[in-house]
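# Tertiary structure, described
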Amino acid sequence: MQRWRGLDLLPGGWGRCVVTIGVFDGVHRGHQALIGRAVDLAAAKGVPSVVMTFDPHPSEVVRPGSHPAQLTGLHRRAELVEGLGADVFCVIPFTAEVSRMPADEFAHEILVDRLHAAAVVVGENFTFGYKAAGNVDLLRALGTRFGFVTEGADLVTDDGVTYSSTYIRACIDAGDVAAAAHALGRPHRLEGIVVRGDGRGKELGFPTANLSTTRFAAVPADGVYACWFVRGDGRRLRAAVSVGTNPTFSGRERRVEAYVLDVDEDFYGQRVALDFVERLRGMEKFDAVEDLLVQMHRDVAVARDVLVAEERL
């Protein structure tokens, strides 16, 4: 899969293509259906499929300070899109200038002049152009005018729930990582570098890998979770993960700390990921360290059971 930032990387002699447009944060089950349709349509037409996204998130440019929690960074998003069979992952730098482009200008300059779109596949709630003035009906009309076909795909729902990045963020913010995983089609993942902590876990007999996450990362609600600890080589290890401020020790800094089961290794400096499988409990303050230790042993045992069961599915 080709990865472009901007349209200056368009190869010479670029012909027609099928384009699907969106932020695609999370590449959840709704996104997967949309991208899958674009890939299938492109194959039927014998042209490449292009997945177009934006960076930074448009809301941060239009309303500074409103950047939503990020489900997937661009690198992870590209990996997931590649797994769906797309030919090109195209990131459009979203600037103030882009935000002010009228809808018809966006369609003509980007979709027609640059990408030579034969078809455009979007969700039925898609909006574009200055002040989100454009919608699917306008895109259809512009397609008739400029020579491309527009498909507005239905949103994906299950038991009355419409899968969206907003819904998944709400699940994660509430600690319901199981519901988030169902909507994503896989566990929610946090990525980052393992950094030094205060060493208290090691003193208690539970040495932890402390994850430094990115600024806008969607960190689940405070609590203890069963997670897969994913190394850079893709190897998965079982882990019990604490998210919160360590209230028993009057902590103030919110941390993500992973106790990796059955492995005696220092992961300091490594880039790793945590795949959140199940929330075991909320964050608690214990009156005595001994009580905390008893609970930590329970957490590890339950995390092991959850992950062994998940592995057998």
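Residues numbered from 1 in each chain as written. Predicted model: local features only at pLDDT ≥ 70, side-chain atom pairs only at ≥ 80, totals over all residues. Heavy atoms only, no water.

## Brief notes about the packing of helix α5 (residues 103-114) against helix α6 (residues 136-146)
Stated formally: Interaxial angles span 0 to 180 degrees and are taken between N-to-C directions of axes, which are lines fitted to C-alpha atoms, for helices over the stretch in contact. Labels follow the DSSP assignment, with helices taken as runs of H or I lasting at least four residues and strands as runs of E lasting at least two, numbered in each case from the N terminus. Note on terminology: angles under 35 degrees are roughly parallel, angles over 145 are roughly antiparallel, angles of 65 to 115 are roughly perpendicular, and the others are oblique. Note on convention: the crossing is left-handed when the near helix lies turned anticlockwise from the far helix by less than a right angle, right-handed when the turn is clockwise. Every residue pair with non-hydrogen atoms within 4.5 Å of one another is taken to be in contact.
It is the contact of α5 with α6, at a shortest axis distance of 11 Å, that shows an interaxial angle of 50°. Comparing their axes, α6 and α5 come out oblique. α5 and α6 meet at a crossing whose hand is right-handed. Mapping the contact onto sequence places A103, D104, A107, H108, L111 and V112 in α5 and L138, L139, L142 and F146 in α6.

## As for the nonpolar core
Inclusion rule: The set of buried Ala, Val, Leu, Ile, Met, Phe, Trp, Tyr and Cys residues whose side-chain atoms join them within 4.5 Å is what this entry labels a nonpolar core. A simple rule labels every residue: compare its accessible area, found with a 1.4 Å probe on the protein chains alone, to the largest value its type can have, and call it buried under 20%, exposed over 50%, or partly exposed in between.
By size, the foremost hydrophobic cluster in this structure holds 32 residues, and its most contacted members are V19, I21, M52, F106, L111 and L115. At the level of elements, β2 (17-21), β3 (49-55), β4 (88-93), α5, β5 (117-123) and α6 are the ones that each hand at least two residues to this core. At 6 residues, α5 tops the list of elements feeding residues into this core. The residues touching M52, leaving out its near neighbours within four places in the chain, are V19, T20, I21, G22, F24, C90, I92, F106, I110, L111 and L115. L190, V219, A239 and V272 belong to the second-largest nonpolar core, a separate cluster that totals 22 residues.

## Brief notes about the pairing of β4
The criterion, for reference: Any two strands with at least two DSSP bridges between them are considered paired.
With 5 of its 6 residues buried, β4 lies for the most part within the structure. The pairing of β3 with β4 spans 6 bridges and is parallel. When the sheet's bridge partners are listed, V50 is paired in β4 with V88.

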